[in-house]
Amino acid sequence: MNRLCPHCGTPLHEGASFCPHCAKSVIQQTELVPPRHMQGRALYSALLMILAAGLIFAMVWYAASRPKTYDNGTHEMVYSNRQGSFDLYISDDLTPETPLPEVRNRGEVGGSYRYPAGLFVNNAEDGTAALDTFWEGVDSVYAEIRCADQSVSITCTDPAMESEYLYVPNAVMTFIDFQLHTPGDHEAELFFTVTMQNGDVIRLRQLHRLEALATRKYTAQDGPMNTIEELRAFVDEITATTSEHDLIYIDLPPVTYAGGLNLDTRCIKLNGSTGTNGERTTFTGSVKAAYPFGYHEFKNIDFIGSGEGVGISASVRTQLTNCRVSGWETGYQAVSEAWIDADQTIFENNAVGLHFNSSGTTVLDQLYMDNVFQNNHTAVLLQSVPTDVMLIFSGTRFAGNDVDIDNRCNQALDLSEAVFESESPSEGTETGR
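Let us look at the structure shown here. (Residues numbered from 1 in each chain as written. Predicted model: local features only at pLDDT ≥ 70, side-chain atom pairs only at ≥ 80, totals over all residues. Heavy atoms only, no water.)

We now examine the overall build of the protein chain. Secondary structure assignment for the protein chain yields four helices and 35 strands. In the protein chain, which comprises 433 residues, the proportion classed as buried is 43%. Nonlocal contacts in the protein chain, meaning residues at least 24 apart in sequence, comprise 57% of its contacts between residues at least 6 apart. Accessible surface, the protein chain as shown: approximately 22,600 Å² in total, 50% of it carbon and sulfur. (Helix = DSSP H or I, 4+ residues; strand = E, 2+ residues; numbered from the N terminus. Buried < 20%, exposed > 50% of the residue type's maximum accessible area, 1.4 Å probe, protein only. Contact = heavy atoms within 4.5 Å. Areas by Shrake-Rupley, 256 points an atom, 1.4 Å probe, with all protein chains shown as cover.)

Structure, rendered in structure tokens:
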């Protein structure tokens, strides 16, 4: 007997089921616990967690796949898609490999001006040209220029890979036209907006500063200019007393300057005159136009040579209007990166009347209107023209030249409104017609 009653402590026999003293049962009973089932709230919470995880995944996938707008507020950006990773930036035709956050242009109040700007695309990894590859994923490109300044009129053309004015490899170019109505400095902002086929929108911007140039006009009353020595001294005086960006107009007396003139320190526009006896302002020496800002212009002037040398040598943009160029080995020549133009001008008795032999991307004007090329050995020699823009000779007359047009560089020409009076037009005339 080692068992005791759990109720009263009385010793019990082995196998006893109740206590003989207190008559209470001494059999130990085990409580049966039914299996537990998950409560409804816990199941609901688990389902919610699964749904939430799925929703988060869907949102992440949607955010990653939906179209995005890329606009970092600058002129340059790296964009990646299935075609690759691309470096996009805004620049111009003169510095195509350099992204430009801003550009500056100058002009006269009231003058009308045009200049190009372009969206360039390179491979972001090695810097090689990549516009063609990038273009495979492009839906459209839009250009816009904004200016809150009411004293500026400014617009831009629709961007294009090529135009009749200019072609720049690896770029989509727009042309900006502006006119300043008041003096001072002005600002505008150019935007390029690219919409991709996948819906992404890329936006780049560039600041444009426009400066109205001061215009200074001089006549014979402002200083002596009756001889070439006096004129050179007067130009030196102007250089010492004006800003390098001032536009200089000089009205010349109807005299003959026995010598030439170098215009490399200021943008000077010379306007000749006619005397009472019909004598005109005349230069017998070579005039060199070389100042790079703005463009040189010569009006109502005769350039008369003795059979040698160059009448007008231009290394920058230069315009002739109502002039006469006669008796030179080369009458009017473009070198370096010059663009030369002429309207209502007579080229006669020259070995070569007008000679293009320059390189660059600048266009001053494609119209060569109402000129006369007569009795030259070669009227027009096109050896190298800066761009492939078509040259239009509307109303221009060719007469008595050995060769009317020697188009060595196969420049695009429009001669539909030109007049050829030769009995049998030269072979050169046919090139590019």
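Attention now moves to the sheet that holds strand 20 (residues 296-299). Pairing is parallel across the open sheet formed by six strands, whose spatial order is 13-14-17-20-23-26. One side of each edge strand has no neighbouring strand; the edge strands of this open sheet are strand 13 (215-218) and strand 26 (340-343). Each strand of the sheet is rotated relative to its neighbour by a mean of 15°, with strand direction disregarded. Relative to strand 20, strand 17 (residues 267-271) is paired through three bridges, and the arrangement is parallel. Residue pairing across strands places L270 opposite F298, the latter belonging to strand 20. Sheet strands in contact with helix 3 (residues 228-241) are strand 13, strand 14 (247-251) and strand 17, and its direction is about 155° off that of strand 14. (Pairing = 2+ DSSP bridges. Axes fitted to C-alpha atoms, helices over the stretch in contact; angles between N-to-C directions.)

It is worth spelling out the environment of G199 at this point. Residue placement: G199 occurs in the loop between strand 11 (184-196) and strand 12 (201-213). Among the residues examined, G199 registers a relative accessible area of 30% and is labelled partly exposed. Counting along the chain gives 60 residues from G199 to D139, while the straight-line C-alpha distance between them is 8.5 Å. Leaving out residues up to four positions away in the same chain, G199 has contacts with P67 and K68.

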